[in-house]
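Letter by letter, the chains look like this.
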Amino acid sequence: MERLYNFKDSKEVGELGEQTVKNYLLSKPNIEEIVDVTKNRNYWEKDIDFIVRFIDGKEIVIEIKTDTYTTNNMFFETISSIEAQTPGCMYKTKAKYLFYYFINAGELYVIEVEPYREWFEKNRHNFRGCKVNNVGYTTYGYIIPLVLFKSKFHKYREYKYDPETKGFNKIL
């Protein structure tokens, strides 16, 4: 039987991932402030979760995706709702960086969004498309094996969660 995803459960997992990433970013000495815009409709429509303000005055906007799977795959969402014909996060987001957090594995990938989109488009034929059934709507996207992502895409950094420090250690 196919799994049916519930928005409430997914939202709770997402919020846990967002909080973990936020706490990590706030521990960095060069970051002045994290502005949570997840409930601001203007940013919600742009698929942006946080505005990160640095002590030097620079700002970046980020999107956080929290994934519970342990299949060693990423999901590149191209259609958020087939029924409503809405674009998926990876086409909709205006974020500079995607923080893709595998919460169960404790792995965090910080990915430059625009080069990731371009890489995906050039390599889409290498990935398997699939539907994800949610309560009330269906999402569509592509499964990207992490091994392929790591070997072929180079605009990312990889971190591993350390439960002792409640932070991330850079791997790559």
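Reference entry: report on the structure contained in this document. None of these values were measured; they are calculated from a predicted model.

### So, the packing of aromatic side chains
We describe a pair of aromatic rings using the distance from one ring centre to the other and the angle between the two ring planes.
Turning to step 1, where the next piece is worked out: Tallied over the full model, the rule gives 22 aromatic pairs.
Turning to step 2, where the next piece is worked out: With centroids separated by 5.4 Å and ring planes inclined at 80°, the aromatic side chains of Tyr101 and Phe168 adopt a geometry described as edge-to-face. Residue Tyr101 is found in strand S6 (residues 97-102), and its partner Phe168 is found in strand S11 (residues 167-170); the two are separated by 67 residues along the sequence. Neither Tyr101 nor Phe168 differs from the other in exposure class; each is buried.

### Remarks on the environment of Pro145
Turning to step 1, where the next piece is worked out: Within the element layout of this structure, Pro145 appears in strand S9 (residues 137-145).
Turning to step 2, where the next piece is worked out: Taking the C-alpha atoms as reference points, Pro145 and Leu26, 119 residues apart in sequence, are found 30 Å from one another.
Turning to step 3, where the next piece is worked out: Residues contacting Pro145, with those up to four places away along its chain left out, are Asn72, Asn73 and Phe127.

### Some details on the sheet that holds S11
Turning to step 1, where the next piece is worked out: Judged by pairing direction, the sheet is mixed, and its seven strands sit side by side in the order S1-S2-S3-S6-S7-S10-S11 without closing on themselves. At either end of the open sheet lies a strand with only one pairing partner, and these are strand S1 (31-36) and S11. With direction set aside, neighbouring strand axes in the sheet form an average angle of 30°.
Turning to step 2, where the next piece is worked out: Of the pairings in the sheet, the one linking strand S2 (residues 50-54) to strand S3 (residues 59-67) comprises four bridges and is antiparallel in character. Looking across to S3, one finds that Val52 is bridged to Ile60.

### As for the pattern of salt bridges
Turning to step 1, where the next piece is worked out: Inspection of every chain in the model, using the stated rule, returns seven salt bridges.
Turning to step 2, where the next piece is worked out: Its salt-bridge partner being Arg117, residue Glu114 comes within 2.6 Å of it at the nearest N-O pair. Of this pair, Glu114 and Arg117 both sit in helix H4 (residues 113-123), separated by three residues, roughly a single helical turn.
Turning to step 3, where the next piece is worked out: For Glu114, a relative accessible area of 41% translates into the label partly exposed.
Turning to step 4, where the next piece is worked out: Given the relative accessible area of 13%, Arg117 is considered buried.
Turning to step 5, where the next piece is worked out: Lys150 is paired through a salt bridge with Glu158; the nearest N and O atoms lie 3.3 Å apart.
Turning to step 6, where the next piece is worked out: Owing to a relative accessible area of 33%, Lys150 belongs among the partly exposed residues under this scheme.
Turning to step 7, where the next piece is worked out: Given the relative accessible area of 7%, Glu158 is considered buried.
Turning to step 8, where the next piece is worked out: One salt-bridge network, in which partners are shared between bridges, spans Glu33, Arg53 and Glu59.

Conventions adopted
Residues numbered from 1 in each chain as written. Predicted model: local features only at pLDDT ≥ 70, side-chain atom pairs only at ≥ 80, totals over all residues. Heavy atoms only, no water. Phe/Tyr/Trp six-rings, centres within 6.5 Å; stacked < 30°, edge-to-face > 60°. Helix = DSSP H or I, 4+ residues; strand = E, 2+ residues; numbered from the N terminus. Buried < 20%, exposed > 50% of the residue type's maximum accessible area, 1.4 Å probe, protein only. Contact = heavy atoms within 4.5 Å. Pairing = 2+ DSSP bridges. Axes fitted to C-alpha atoms, helices over the stretch in contact; angles between N-to-C directions. Salt bridge = Lys/Arg side-chain N within 4 Å of Asp/Glu carboxyl O.

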